[in-house]
Amino acid sequence: MSKQLLVDYIPFEVTSQQINESLKKNGKLIVNGVLQRADAKNQNGRVYPHETLMREAENYAKVQVKERRALGELDHPDSSVVNLNNVSHNVLEMHWNGKDLLGTVEVLGTPAGNILKELFKSGIKLGISSRGLGSVEEIHESDGYSDTSLGGDEEQAPTVAVQPDFELIAFDFVSNPST
C-alpha cells in the first residue's frame, strides 16, 4: 500500500466581531475554529479514525506547534513540503472538543498572510484543509462512521478509512472543498 498526499477540507467560520476584537487587542489577527473532525465521513469520502488523528495532532503539537513551526499555506500545493514563499499562518494551539480538533491560528504578516487577512475581513468564506501523507482502505457504511459529506444527488465517493501510517504535514486555508 503506497502513501499518497491526503487533502481534506472543513469550513472555517470567522466572524467580523472575532476579527475586530483580535486586531484591536494585539494588532494581530488570531482566529479559532475546527481544524479537522475524527470518525466522520467528509466530502472526499474519507474517515480519519480518532486514534490516528489524535496521535498525529499530539505529535504535531509537540514539535511544530511548540517550536512555532506549525506553518500553513494559502491554497494547497501538490507537495508534502510547506513552501515558505506561500506561508500565510501559524497554528498556535490545538485541543479536542469531542471528535472535533479545534485550533487557534495566527495570520502572519507575510504576502500570503496579508491576502488571507483581507479575505477574512471581507467576509469571504474559507475552509481549512489538513494535508498529510498516508494510505487509505475502503470501508463499508456499516462500520459505524457518521456521514458529514456535503449531501446532494451527485454520485457518492466510496468511503475510505485513513490508515495508521498517516502523517500530518500542515493545515492550509483554501477557497473551496478539494475534490
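Right, let's walk through the structure included here. (Residues numbered from 1 in each chain as written. Predicted model: local features only at pLDDT ≥ 70, side-chain atom pairs only at ≥ 80, totals over all residues. Heavy atoms only, no water.)

## A short note on the side chain of Arg46
In this structure, Arg46 sits in strand 4 (residues 46-47). When its relative accessible area of 14% is taken as the criterion, Arg46 is described as buried. From its side chain, Arg46 meets the backbone oxygen of Val7 in a polar contact 3.0 Å long. Beyond its immediate sequence surroundings of up to four residues, Arg46 is in contact with Leu6, Val7, Asp8, Ala40, Lys41, Val136, Val160 and Val162. (Helix = DSSP H or I, 4+ residues; strand = E, 2+ residues; numbered from the N terminus. Buried < 20%, exposed > 50% of the residue type's maximum accessible area, 1.4 Å probe, protein only. Polar contact = N/O pair within 3.5 Å; in protein donor to acceptor, adjacent residues only side chain to side chain. Contact = heavy atoms within 4.5 Å.)

## Notes on the pairing of strand 8 (residues 126-134)
Burial analysis of strand 8 places eight of its nine residues in the buried class, the great majority of the element. The sheet contact formed by strand 1 (residues 4-12) and strand 8 spans nine bridges and is antiparallel. Within strand 8, the residue paired with Asp8 across the bridge is Ser130. For strand 8 and strand 12 (residues 167-174), the ladder comprises seven bridges, and the chain directions are antiparallel. Following the sheet pairing, Ser130 is matched in strand 12 by Phe171. (Pairing = 2+ DSSP bridges.)

## Some words on helix 2 (residues 50-65)
For helix 2, the complete set of buried residues consists of Thr52, Leu53, Glu56, Ala57, Tyr60 and Val65. Angular distribution of buried residues about the axis of helix 2 spans 125°; they occupy a single face of the element. Opposite its buried face, helix 2 presents the exposed residues Glu51 and Lys62, each directed more than 90 degrees away. Those residues of helix 2 that are buried are in contact with strand 2 (29-37), strand 5 (71-73), strand 6 (87-97), strand 7 (100-107) and strand 12. (Arc of directions from axis to C-beta.)

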